[in-house]
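Working through the structure, step by step
Each chain, written out:
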Amino acid sequence: MTDTKTITAPFRGDHVGSFLRPERLKKARQQRQNGEISAEELTRMEDEEIIKLVEKQKEAGLQSITDGDFRRAWWHFDFLEHLVGVKGYEPESGIQFKGVETKPHSVRVIDKVDFSDNHPMIEHYKFLHSLVGESHTPKFTIPSPNMLLFRGNINKEIYENETELLSDLTKAYQKAIQAFYDAGCRYLQLDDTSWAGFFSEEGLQMIRDRGQDPDQLKGWFVQAVNESIAKKPEDLVITMHICRGNFRSTYTASGGYDAVSETIFSELNVDGLFLEYDDERSGGFEPLRHVKRDDLRVVLGLITSKTGELEDKDRIKKRIAEAAEYVSLDQLCLSPQCGFASTEEGNILSEDEQWAKIRHVLEIADDVWN
């Protein structure tokens, strides 16, 4: 038994959560959209594919097991639009990535925000939990509350400003976190692209162009996360994945963590941080010097999920050693920098390449920490 199996979440060799959707599932979702199959038929096929995925993750050697986001079209909108007071809609254009644009979809706040126990993802988690067994850890991912602040179109007649929304939003997330816990969840991840706006001058200008003050927005983001998780049970691990965008193997943001490193590494009260470090867009490890807690796990996303080519093992080990100059090796873990399919379209690599990446992570982690 290796060390990758014996530590608590996040694990020495871990993953962000989403996997490439099988073609059968993509076809079924399109058929459902066209009214050719029922919701029940789609759910049955999702169940069948998730059962297969759980076994594939176990076979690959993962300790944390997800449902791969197989029931979702988007990593964030599917959760947010099922909050009370939030509704999905189709804007005129999608989200602009490097050289490509997503299909148009977003969310708007139409009433007071709350969380209801009939949110569909509670049942989604329960199904995953029923499959995993005691030898592995089911992991569930939801968007950070910051994503509603950042992406949500807020009705000013409901909430005059973000400060008013924050109170209801964090209470809704507290309820959601407790509901997942009551369903058996002990490993929950908050996914968040909002921090990437602080990584470059271009991003900061975009925040200003929206009529927001970057320093004030940064404070709201910290408050939203910390208040949302303030009442979490002690044995629930909550991590955060900080992302620069991931759609069809492209990205939205560049820049290192420097400008917001003290905030991310010293002020957020999460148990672990999944960080993108797969290419030059991510900057260096120096910002990790602001990690002041010896109980904070830092998961280095040194393996890219955007291409199928396997990284040189020795180079990855060297980079882990470089990061260990700023944070104890005992606090570090390894993963891909993001999921393989943040949206149902997925990144541009094959399923075989995807699983080779996962095994690559686990083999390197085993070499480093065993």
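Presented here is a report on the structure given in the accompanying data block. Each chain has its residues counted from 1, running along the sequence as written. Reporting of local features is limited, given that this is a predicted model, to residues whose pLDDT is at least 70; pairs of side-chain atoms are given and counted only at 80 or more, and all residues count toward the totals for whole chains, interfaces and linings. The side-chain figures draw on all heavy atoms in the structure; neither hydrogens nor water molecules are used.

**Quick look at the pattern of salt bridges**
Heads up, the rule is: Criterion for a salt bridge: a side-chain nitrogen of Lys or Arg within 4 Å of a carboxyl oxygen of Asp or Glu. Where helices and strands are cited, they refer to DSSP runs of H or I of at least four residues and of E of at least two residues respectively, numbered from the N terminus. Partly exposed residues are those whose accessible area sits between 20% and 50% of the maximum for their type, while under 20% is buried and over 50% is exposed, using a 1.4 Å probe and protein chains only.
Per the stated rule, a full pass over the model turns up 23 salt bridges. Note that lysine 26 and glutamate 23 form a salt bridge whose closest N and O atoms lie 3.8 Å from each other. Of this pair, lysine 26 and glutamate 23 both sit in helix H2 (residues 23-33), 3 residues apart, which is roughly one turn of the helix. With a relative accessible area of 30%, lysine 26 lands in the partly exposed category. Between aspartate 295 and arginine 293 there is a salt bridge; the shortest N-O distance is 2.9 Å. Overall, the relative accessible area of 24% leaves arginine 293 in the partly exposed class.

**Observations regarding the side chain of threonine 343**
Our working rule: For this analysis, a polar contact is any N or O atom pair within 3.5 Å, provided that within protein one partner can donate a hydrogen and the other can accept it, and provided that sequence-adjacent residues contribute only side-chain to side-chain pairs.
Here threonine 343 lies in the loop between strand E13 (332-336) and helix H12 (351-369). Of note is the side chain of threonine 343, whose polar atom sits 2.6 Å from the side chain of glutamate 345.

**Concerning helix H8 (residues 201-209)**
Cut-off, in case you're wondering: What the arc measures is the spread of directions leading from the helix axis to the C-beta atoms. Between two residues, a contact is recorded if the distance between any of their heavy atoms is within 4.5 Å.
Burial in H8 covers these residues: Gly203, Leu204 and Ile207. Viewed end-on, H8 has its buried residues packed into an arc of 100°, placing them on one side of the element. Opposite its buried face, H8 presents the exposed residues Glu202, Met206 and Asp209, each directed more than 90 degrees away. Turning to H8, the residues buried within the fold contact helix H9 (214-229). Glycine 211 sits one or two residues past H8 and shows a positive phi near 85°.

**Notes on the sheet that holds strand E5 (residues 106-114)**
Rules: By definition, two strands form a pair when at least two bridges between them are found by DSSP. Between N-to-C directions, angles cover 0 to 180 degrees, with each direction set by a line fitted to C-alpha atoms, over the stretch in contact for helices.
Strand order in the open sheet formed by 3 strands is E2-E5-E8, with mixed pairing between adjacent strands. Two strands bound the open sheet, and with one partner strand each, they are strand E2 (84-89) and strand E8 (153-154). Direction of pairing for E5 relative to E8: parallel, over a ladder of 2 bridges. Bridge assignment links valine 109 to a residue of E8, and that residue is isoleucine 154. Across the sheet, helix H7 (residues 162-182) touches E5 and E8, and the angle it forms with E5 is around 80°.

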